[in-house]
Amino acid sequence: MENNMNGQTAIVTGAAGGIGSAVVTKFIESGVNVVAVDLYQQALDVLIEEVGTSGGEIVPLAGDVTDPLLAIRAVELSRSKFGGLDILVNNAGMGSDMVPLWEIDLETWRRDIEVNLTSQFMMLKAVIPGMIEQGYGRIVNTASAAGMEGHALSSPYAAAKGGVIAMTKAVGKELATKGVLVNAIAPALIGSGMLDQPWFDEKTKKQLLERIPMGRVGEPTEVAEMITFLASPSLSFSTGAVFDLSGGRATY
Ligand SMILES: NC(=O)c1ccc[n+]([C@@H]2O[C@H](COP(=O)([O-])OP(=O)(O)OC[C@H]3O[C@@H](n4cnc5c(N)ncnc54)[C@H](O)[C@@H]3O)[C@@H](O)[C@H]2O)c1
């Protein structure tokens, strides 16, 4: 694919995680400057060290995506450091203990919705006006196969990711004539740090793996390839859409 992203600027959230760091690596190689957002400065320092310096530049922004001010700071940083903003990759996310819905406490429910859905809303709200003004923008929201299918024992996560999908469809239509394209990805099982979290038990991982016709987990680099295409000017006639990354599992 032709590299037509050189010199553009992106905000990537969850930048230090498995998928996020693969996206940042790919963007930097493509000459894209990145505001890299994640919880801890230390993880962002490791990311910067790993990604190296050839291509675009990285500016770290440590913070919690549930903080309403973080999105505004990310946009300000992108403008002051790089002179604009072309791309948002709304990728930060997390799961929680796998339990039936009726055993989930309200605090856990609210946190999962805040981290996985409301944070994406706040980022969208912060970046979209500037993108409308410049008549160009590419936005990729990370949803999940859980949001398409509803995974048992993950109701807050599934509800949040289903919300991401519906939000993407709605805002995609709202922006369809503005040059700002908003799409979502729905990965199934990707070999990132998420699979090592204590709440993701071995039995569930095995069951999910058995359902993937390709018989393997996806690699973060494979997700990064798709995100990079969706974030590039090569994408021109898709918005409000959901792109599958499930190794053949999805039949919808
Ligand atoms: N790995 C999978 O199988 C899979 C499948 C479907 C969807 N996803 C989604 O992909 C996205 C990336 O996850 P990943 O697989 O790379 O997992 P990961 O755990 O490796 O990365 C997630 C990153 O998000 C960051 N993060 C979490 N909460 C945050 C917060 N409140 N503020 C700022 N940063 C925060 C974490 O620090 C981490 O670096 C997530 O949205 C996840 O839900 C992953």
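Quick summary incoming for the structure in this document.

Conventions used here
- Residues numbered from 1 in each chain as written.
- Predicted model: local features only at pLDDT ≥ 70, side-chain atom pairs only at ≥ 80, totals over all residues.
- Heavy atoms only, no water.
- Helix = DSSP H or I, 4+ residues; strand = E, 2+ residues; numbered from the N terminus.
- Rg over C-alpha atoms; globule rule 2.2 N^0.38 Å.
- Buried < 20%, exposed > 50% of the residue type's maximum accessible area, 1.4 Å probe, protein only.
- Contact = heavy atoms within 4.5 Å.
- Areas by Shrake-Rupley, 256 points an atom, 1.4 Å probe, with all protein chains shown as cover.
- Lys, Arg positive; Asp, Glu negative; His and termini not counted.
- Charge placed at Lys NZ, Arg CZ, Asp CG, Glu CD.
- Pairing = 2+ DSSP bridges.
- Axes fitted to C-alpha atoms, helices over the stretch in contact; angles between N-to-C directions.
- Polar contact = N/O pair within 3.5 Å; in protein donor to acceptor, adjacent residues only side chain to side chain.

### As for the overall build of the chain
Counting secondary structure elements, the chain contains eight helices and seven strands. In summary, the chain has a C-alpha radius of gyration of 17 Å against a globular reference of 18 Å for 252 residues, a match within 12%. Burial status across the chain gives 52% buried among its 252 residues. Considering only contacts in the chain between residues 6 or more positions apart, those separated by 24 or more positions represent 72%. Split by element, the accessible area of the chain, about 11,700 Å² in all, is 55% carbon and sulfur. Here the chain contributes 18 positively and 28 negatively charged side chains, and the mean placements of these two sets differ by 7 Å.

### Notes on the sheet that holds strand 5 (residues 137-142)
With parallel pairing, seven strands are arranged side by side in an open sheet as 3-2-1-4-5-6-7. In this open sheet, the two edge strands, each paired with only one partner strand, are strand 3 (58-62) and strand 7 (242-245). This sheet shows a mean twist of 15 degrees between the axes of neighbouring strands, independent of strand direction. In terms of strand pairing, strand 5 meets strand 6 (residues 180-187) through six bridges, oriented parallel.

### Section: unusual backbone geometry
Peptide bonds are, in most cases, trans, and in most cases residues other than glycine have a negative phi. A positive phi is found at Leu153, a non-glycine position, where the angle reads about 70 degrees. Summarising the element assignment, Leu153 is placed in the loop between helix 5 (145-149) and helix 6 (155-174).

### Details of the side chain of His151
Note that His151 resides in the loop between helix 5 and helix 6. A polar contact is formed between the side chain of His151 and the side chain of Arg249, at a distance of 2.9 Å. Once you skip the residues sitting within four places of it in the chain, His151 turns out to touch Ala145, Ala146, Ala158, Leu208 and Arg249.

### Regarding the pairing of strand 6
When you tally the buried positions in strand 6, you get eight out of eight residues, the bulk of the element. The side-chain alternation of strand 6 yields two buried faces, one formed by Val180, Val182, Ala184 and Ala186 and the other by Leu181, Asn183, Ile185 and Pro187. The sheet contact formed by strand 6 and strand 7 spans four bridges and is parallel. Among the inter-strand pairings, Pro187 is bridged to a residue of strand 7, identified as Leu245.

### Let's talk about the environment of Leu69
Following the sequence through the fold, Leu69 ends up in helix 3 (residues 68-82). The class for Leu69 is exposed, based on a relative accessible area of 54%. Separated by 57 residues in sequence, Leu69 and Val12 place their C-alpha atoms 16 Å apart.

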